[in-house]
Amino acid sequence: MTVKATKGHGAPIPRRREDDRLYDKLSLIIDSLDDLYRLDKRDFLKKVFEGAFELIPEAEKGSFFEFDGELYRPVFARGYDFAVLSRLSFSPSEAFIDFEVDVSDGIRACETLIEGRDSERFDPETIATFRELGTYEGFVSLYAPIRVDGRVAGLISLERFARSGFPRLSRKVLEYYARLISEFYSQKLFQDKETSLYRDVVSSLVSAIEVMDSYTQGHARRVAGYSRLIGAKLGLSGRELEDIETAALLHDVGKLGVPTEILKKPSRLEPGEYEQVKRHPANAAKILGEIRGFERIVEYAYRHHERYDGLGYPDGLRGDVIPLGAQVIQVADAIDAMTSERSYRPAMSIESALEAVALGSGSQFHPLAARAALAALAS
Ligand SMILES: [Fe+2]
Ligand SMILES: [Fe+2]
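**Student:** Teacher, can you tell me more about the overall build of the protein here?
**Tutor:** Looking only at helices and strands, the protein features 14 helices and 7 strands. Within the protein, buried positions represent 43% of all 379 residues. If you take every contact in the protein between residues at least 6 apart in sequence, the share linking residues at least 24 apart comes to 63%. Total accessible area on the protein is roughly 19900 Å²; 51% of this is exposed by carbon and sulfur atoms.

**Student:** Please explain the sheet that holds strand E5 (residues 110-114) as it appears in this structure.
**Tutor:** Strands in a sheet are paired, the pairing made by backbone hydrogen bonds, and the direction either parallel or antiparallel. Across the sheet, 5 strands lie side by side as E4-E3-E7-E6-E5; this open sheet has antiparallel pairing. On the outer flanks of this sheet lie strand E4 (72-78) and E5, each paired with one strand and no other. Each strand of the sheet is rotated relative to its neighbour by a mean of 25°, with strand direction disregarded. As paired strands, strand E3 (residues 61-67) and E4 are joined by 6 bridges and run antiparallel to one another.

**Student:** What is the right way to look at the coordination of the iron ion (ligand 2) in this model?
**Tutor:** Octahedral metal centres with six donors ideally show angles of 90 or 180 degrees, and tetrahedral centres with four donors ideally show 109.5 degrees. Coordination of the iron ion (ligand 2) by the protein is provided by His-219 (NE2), His-251 (NE2), Asp-252 (OD) and Asp-333 (OD), with metal-donor distances spanning 2.2 to 2.4 Å. Viewed at the metal, the 4 donor atoms of the iron ion (ligand 2) are separated by angles of 75 to 168°, and the geometry they form is irregular. Sequence positions of the residues that donate to the iron ion (ligand 2) give the spacing H-x31-H-D-x80-D. The distance between the iron ion (ligand 2) and the iron ion (ligand 1) is 3.6 Å, with Asp-252 acting as a donor to both metals. Taken together, the positions of Asp-252 in the loop between helix H7 (238-250) and helix H8 (260-263) and Asp-333 in helix H12 (residues 324-338) put the pair 81 residues apart, joining distant regions of the chain. Residue Asp-252 is classed as buried on the basis of its relative accessible area, which comes to 6%. Residue Asp-333 is classed as buried on the basis of its relative accessible area, which comes to 9%.

**Student:** Where do I start with the side chain of His-219 in this structure?
**Tutor:** Among the structural elements, His-219 can be located in helix H6 (residues 219-233). Its relative accessible area of 8% is what places His-219 among the buried residues. Not counting residues within four places of it along the chain, the set of residues in contact with His-219 comprises His-251, Asp-252, Asp-333 and Asp-336.

**Student:** I keep staring at helix H11 (residues 295-302) and nothing clicks. Help me out?
**Tutor:** Turn by turn, an α-helix covers 3.6 residues, leaving residues three or four places apart pointing in a common direction. Buried residues of H11: Ile-297, Val-298, Tyr-300 and Ala-301, and no others. Relative to the axis of H11, the buried residues are bounded by an arc of 165° and lie together on one face. Contacts made by the buried residues of H11 are with helix H5 (168-212), H7, helix H10 (280-288) and H12.

Rules used throughout
Residues numbered from 1 in each chain as written. Chains lettered and ligands numbered in written order. Predicted model: local features only at pLDDT ≥ 70, side-chain atom pairs only at ≥ 80, totals over all residues. Heavy atoms only, no water. Helix = DSSP H or I, 4+ residues; strand = E, 2+ residues; numbered from the N terminus. Buried < 20%, exposed > 50% of the residue type's maximum accessible area, 1.4 Å probe, protein only. Contact = heavy atoms within 4.5 Å. Areas by Shrake-Rupley, 256 points an atom, 1.4 Å probe, with all protein chains shown as cover. Pairing = 2+ DSSP bridges. Axes fitted to C-alpha atoms, helices over the stretch in contact; angles between N-to-C directions. Donors = N, O, S within 2.8 Å, 3.2 Å for Na, K, Ca; no water. Tetrahedral: all angles 85-135°; square planar, octahedral: opposite > 155°, others 65-115°. Arc of directions from axis to C-beta.

And the structure:
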């Protein structure tokens, strides 16, 4: 990403060379932030830590300490023996290693010259650990906190074993970096919390269907598994594929609104009973329609009984008007139904089910979805 600094009517602001370099470095950070969201918490922090070395190439060694609510503990290191570093941990009331971290302060990068450790302040084991790490004396440390909701969540510290210390620019870069990362990390933790809440909701809904309809034990999870494989064969990925998988998990959630006697009936259904079962996609749309961000999932669940030839329900949609995600679930659903035992017929082999899919391509199934299912599931 390139952003040009302008003032007023677009005239460039003259900048000093150091500002230019700071600006280039910050652009580099902003470019890399996009990827960070997709990583899990540990990989996120690891990438942040590694990013600090790219931005501040003078750093020879470094570490990242995470605050676990009680103690600061090392989680990543570069240039240090991690097993040795792991012996160090500090409570917030203790000065952090030899640094003064003012926890009530904002996000600032600080630089400290450690000429020699104070042997009265540290116990002999800690002193021995410093010696083993080579951080007993004669180095400069540049460090900054990562804060979440005003609290210190971690600390990046970079070391240089030259008394001259770090260039002035590096201190500024680390400070901006720590501020940006703190902002991003806070948002990421919030997003992770939402994602895990959302997963819990999905899995409790799936369990609810299984309790109601033990007959189809495991059906939702198998359909989700097939749908993911078929969707991937179609070249789908990311959010689209995730939505298909979630919709597949929940496609029959509307059966919660169908009487249990009908769902558990061992023989074939009477026409009136079948009409009640056919309401389950509309019920699913009602149940899932309440969840923010589920628009596409609702659409797929609502359409999972439409057929390519227009003979399905609820609306008898035809061809490409039916969303591809729904067509993927439809074929996955049919495969699992065929390969599951029913009281009135035995389970079909996967090979026979796939033959039926090939036969139904262009009528019951979308040809693309059918072809992808054959490619994904044929052994
Ligand atoms: Fe269904
Ligand atoms: Fe189903």
